[in-house]
Amino acid sequence: MTIDRLCPLICSMTQRKISDREPINIKKKISKMDSEKSKQLQIIADRLRIQSILATSASKSGHPSSCASMADILSVLFFHAMKYKVSAPKDPSSDRFILSKGHAAPILYAAWAEAGLFPKSELMNLRKIDSDLEGHPTPRLNFIDVATGSLGQGLSVAAGMAYVGKNIDKASYRTYCLIGDGESAEGSIWEAMHFAGHYKLDNLVAIFDVNRLGQSEPTALQHDVETYRKRADAFGFHAIVIDGHNIEEIVQAFDEAAATKGKPTAIIAKTFKGHGLDGVADHENWHGKPLGDKAASIVKNIEERIAGSNVPAPIAESPVEDAPVVSIINIRLSSAPAYKKGETVATRVAYGTALMKLAQNNSRVIGLDGDTKNSTYSEKIKKVSTDNYIECYIAEQNLVGVAIGAACRDRTVAFCSTFAAFFTRAFDQIRMGAISQTNINCVGSHAGVSIGEDGPSQMALEDLAMFRTIPGCTVFYPSDAVSCERACELAANTRGICFIRTSRPATVVMYDNEELFQVGKAKVVRENPGDKVVLIGAGITMHEGLKAADTLASNGIHVCVIDPFTIKPLDADTIRAHALRVGGKVLTVEDHYPEGGIGEAVASALSTDTNITVKRLAVNEVPRSGPPEALLEKYGISANCIVKAVYNLLQ
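Given the structure is predicted, the values throughout are model-derived calculations rather than measurements. (Residues numbered from 1 in each chain as written. Predicted model: local features only at pLDDT ≥ 70, side-chain atom pairs only at ≥ 80, totals over all residues. Heavy atoms only, no water.)

## Quick word on the packing of helix α3 (residues 71-81) against helix α4 (residues 105-115)
Now for step 1: Interaxial distance between α3 and α4 falls to 11 Å at its minimum, and their mutual angle equals 35 degrees. As α3 runs across α4, the sense of the crossing is right-handed. The segment α3 lies against α4, with Ala71, Leu74, Phe78 and Phe79 engaging Ile107, Leu108, Ala111, Trp112, Glu114 and Ala115.
Now for step 2: Tallied by class, the residues present in the contact of α3 with α4 amount to 9 nonpolar, no polar and 1 charged. (Axes fitted to C-alpha atoms, helices over the stretch in contact; angles between N-to-C directions. Helix = DSSP H or I, 4+ residues; strand = E, 2+ residues; numbered from the N terminus. Left-handed = near helix turned anticlockwise from the far one by under 90°. Contact = heavy atoms within 4.5 Å. Nonpolar A, V, L, I, M, F, W, Y, C, P; charged D, E, K, R; others polar.)

## Focus on the nonpolar core
Now for step 1: In this structure, Leu368, Ile440 and Phe467 are the most contacted members of the largest nonpolar core, which totals 86 residues.
Now for step 2: Not counting the four nearest positions on each side in its chain, Ile440 is found in contact with Val400, Ala403, Ile404, Ala407, Ala414, Cys416, Gly496, Ile497 and Cys498.
Now for step 3: Formed by 62 residues, the second largest nonpolar core is a distinct cluster that contains Ile331, Val443, Leu617 and Leu649. (Core = buried A, V, L, I, M, F, W, Y, C linked by side-chain atoms within 4.5 Å. Buried < 20%, exposed > 50% of the residue type's maximum accessible area, 1.4 Å probe, protein only.)

## Describing the environment of Ile390
Now for step 1: Residue position: Ile390 is located in strand β8 (residues 389-391).
Now for step 2: Measuring from C-alpha to C-alpha, the distance between Ile390 and Asp369 comes to 6.8 Å, with 21 residues separating the pair along the chain.

## Here's the deal with the confidence of the model for the protein chain
Now for step 1: Chain-level pLDDT for the protein chain is 94 on average; 95% of the residues reach the 70-or-more range.
Now for step 2: Segment residues 1-31: pLDDT under 50, and 78 contacts once partners within four positions in sequence are set aside and those in other chains are kept. (pLDDT = per-residue confidence, 0-100.)

## Considering helix α16 (residues 540-554)
Now for step 1: Helix length check: α16, at 15 residues, gives a terminal C-alpha distance of 22 Å against a target of 21 Å (1.5 Å per residue), a fit within 8%.
Now for step 2: Positive backbone phi, approximately 85 degrees, marks Gly556, located one or two places after α16. (Expected span 1.5 Å × (residues − 1).)

## Describing the environment of Asn493
Now for step 1: With respect to the helices, strands and loops of the structure, Asn493 is situated in the loop between α15 (481-492) and β12 (498-501).
Now for step 2: For Asn493, a relative accessible area of 30% gives the class partly exposed.
Now for step 3: Sequence separation between Asn493 and Leu399 is 94 residues; the distance between their C-alpha atoms is 21 Å.

## Let's talk about the sheet that holds strand β7 (residues 365-369)
Now for step 1: Ordered by their spatial adjacency, 7 strands build an open sheet running β8-β7-β9-β10-β12-β11-β17, and the pairing between neighbours is mixed. Pairing within the sheet leaves two strands with one partner each, and these edge strands are β8 and β17 (566-568). Taking each pair of neighbouring strands and ignoring which way they run, the sheet shows an average axis angle of 20 degrees.
Now for step 2: Of the pairings in the sheet, the one linking strand β10 (residues 440-445) to β12 comprises 4 bridges and is parallel in character. Bridge pairing links Asn441 to Cys498 in β12.
Now for step 3: Those strands touched by helix α10 (residues 347-361) are β7, β9 (413-419) and β10, and its axis lies near 140 degrees from that of β7. (Pairing = 2+ DSSP bridges.)

## Some remarks on the pairing of strand β15 (residues 533-536)
Now for step 1: Where burial is concerned, the two faces of β15 agree: the one with Val533 and Leu535 and the one with Val534 and Ile536 are both buried.
Now for step 2: As paired elements, β15 and strand β16 (residues 559-563) share 4 bridges and run parallel to each other. Residue pairing for β16: Val533 is matched across the bridge by Val559.
Now for step 3: The handedness of the β15 to β16 crossover, carried by α16, is right-handed.
Now for step 4: Summarising the sheet, β15 and strand β18 (residues 585-589) pair through 3 bridges and their orientation is parallel. Bridge assignment links Val534 to a residue of β18, and that residue is Val586. (Right-handed = clockwise from strand over helix to strand, strands pointing away.)

## Brief notes about the packing of aromatic side chains
Now for step 1: Scanning the model with the defined rule gives 23 aromatic pairs in all.
Now for step 2: Taking 5.4 Å as the distance between ring centres and 90 degrees as the angle between the ring planes, the aromatic pair formed by Phe78 and Trp112 counts as edge-to-face. Of this pair, Phe78 sits in helix α3 while Trp112 sits in helix α4; the two residues are 34 residues apart in sequence, bridging distant segments of the chain.
Now for step 3: Taking the relative accessible area as the measure of exposure, Phe78 reaches 0% and is therefore buried.
Now for step 4: The buried category is assigned to Trp112, whose relative accessible area is 6%.
Now for step 5: Taken together, a centroid distance of 6.3 Å and an interplanar angle of 15 degrees make the contact between Trp190 and Phe208 stacked. Placement of Trp190 in helix α6 (residues 187-198) and of Phe208 in strand β3 (residues 204-210) is noted, with a sequence separation of 18 residues between them.
Now for step 6: One Lys or Arg, Lys523, reaches over the ring of Phe517 and ends 5.0 Å from the middle of that ring. (Phe/Tyr/Trp six-rings, centres within 6.5 Å; stacked < 30°, edge-to-face > 60°. Lys NZ or Arg CZ within 6 Å of the ring centre and 35° of its normal.)

## Brief notes about the UniProt feature "domain: Transketolase-like pyrimidine-binding" (unreviewed entry) in the protein chain
Now for step 1: The UniProt record annotates "domain: Transketolase-like pyrimidine-binding" (unreviewed entry) at residues 345-509.
Now for step 2: Annotation note: span residues 345-509, helix share 35%, strand share 20%, distance between end C-alpha atoms 7 Å. (UniProt positions renumbered as here; feature names shortened; annotations may be inferred.)

Written as structure tokens, this is what we have:
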């Protein structure tokens, strides 16, 4: 039997209440949902439940009860509300869907299989080592934009996608994010709610699956949907409360969301964990467990409920093809660096200049910041266009999440900046970004004790270690304005996460404006035939190292000075060659804790060379406030300290 396409509708508000407030700018329609179409969507929902049970039973692991609570929502979303191409799941004009409660991945996979993207038989390979249908979604799959599963992050990503759709692409596509009630305890959810409400992202729909039960016990609010509604309303959302297992209410809610202007929509769906699964529904201690011996009888009961109803799923409505064609390859500075050797310029200032130049050459380069734009100098991009800048306020988790969303489907080249110390708050978002195969550029200023009087809370002393642990991350540490501009240019064209560490103090311009820089290639800044030690520093310690080299040279001791430029990947070959040339003595100096920074990177790279000795100078304790020069001296990384360390190394 062929079933006609579902038609848009809004059910009569007199039939039931989905909100105690009037919709915003909605032309009310009174219609009655066709019972056959409602039945069709209910049948699809039950088929999704069955596939989730079968897949998790085959893998002997997974979350079938978490899948069951959202089955009705996903049926309506995929086969009524969303516009997309099955043939091209990441088409730029298609609607986006983020499953923030990533543990419910089996039912998301089932929905795409139901839509015809791949055979349903593939669902039986869930969680197998040779299958991309992993326990939580990752972009190894061509229908997944970002990895989810570390809870509380999906809405920030969705907000970034929606912001780009509304304000940069200016396209018709919409973004949907399904959130578990348990993860709504995460502060990052409410950072994202604030962001979306502030920017009036009416192309965003947040769906809260309020199924009452968390992993180990009931959630704090359980089924108090009114509190969820009040919270969403307070954050500037058009809030709709529905029965999440009533197909008509779900349809009306999505239709109302599509008609709502000037506000994002929050659909607060009261559901039951394990709904439709006899003996499991609304019972505790079923989180993350396959159904075991219950599976066969539960599947049989569902099949009997939908017996004789092998109706095909509706074909998704095609998207409006209005997302512009963009190119984010071969991005270059609009002009070469223009500094005078010997002048002093802070690398954080050079970052702002580079960001502006990149945006001048490609309108898809955007800057995001957490209310530090006048310190990181990211505000310079606004001279090109205010459309190229996104203020994320003091909410660093959301800052990184929005950047990841903005970069999805290669719609933008996103640079997000703040004090480097504050990226530690967003470490989980950064590590999930790596799993998501994202291409974002994080720029952290105010690194190390050299920032001075602001004190240790503002001093990034662990940021290099943090970003070095991220798979595929490129870590730049420019030592002057020229190398900083070139680092930004390289980052714009480098896949994966990039981190650029910038400094607060003005430092001397070392390089010619025409100097060529490459990822993974160090610069030998100073060398002599009679060098006794290789000295490696970056940023402020590069300049302290050069001062020390001058002092040592005046006393007849010459050292080779190397600027690594990238700490990851590190140019081990250049460092090793010069280390062997000078007799195997290497000294590293860094404005960072000793764990995980330049010294450990060099020591690791040379660990198999038994005839090379690496000594390290770093900040070895929690520092205090003071003038930069005094702090460099107190914590052992000043030029004077370097001179003493070289003498000790030569003894």
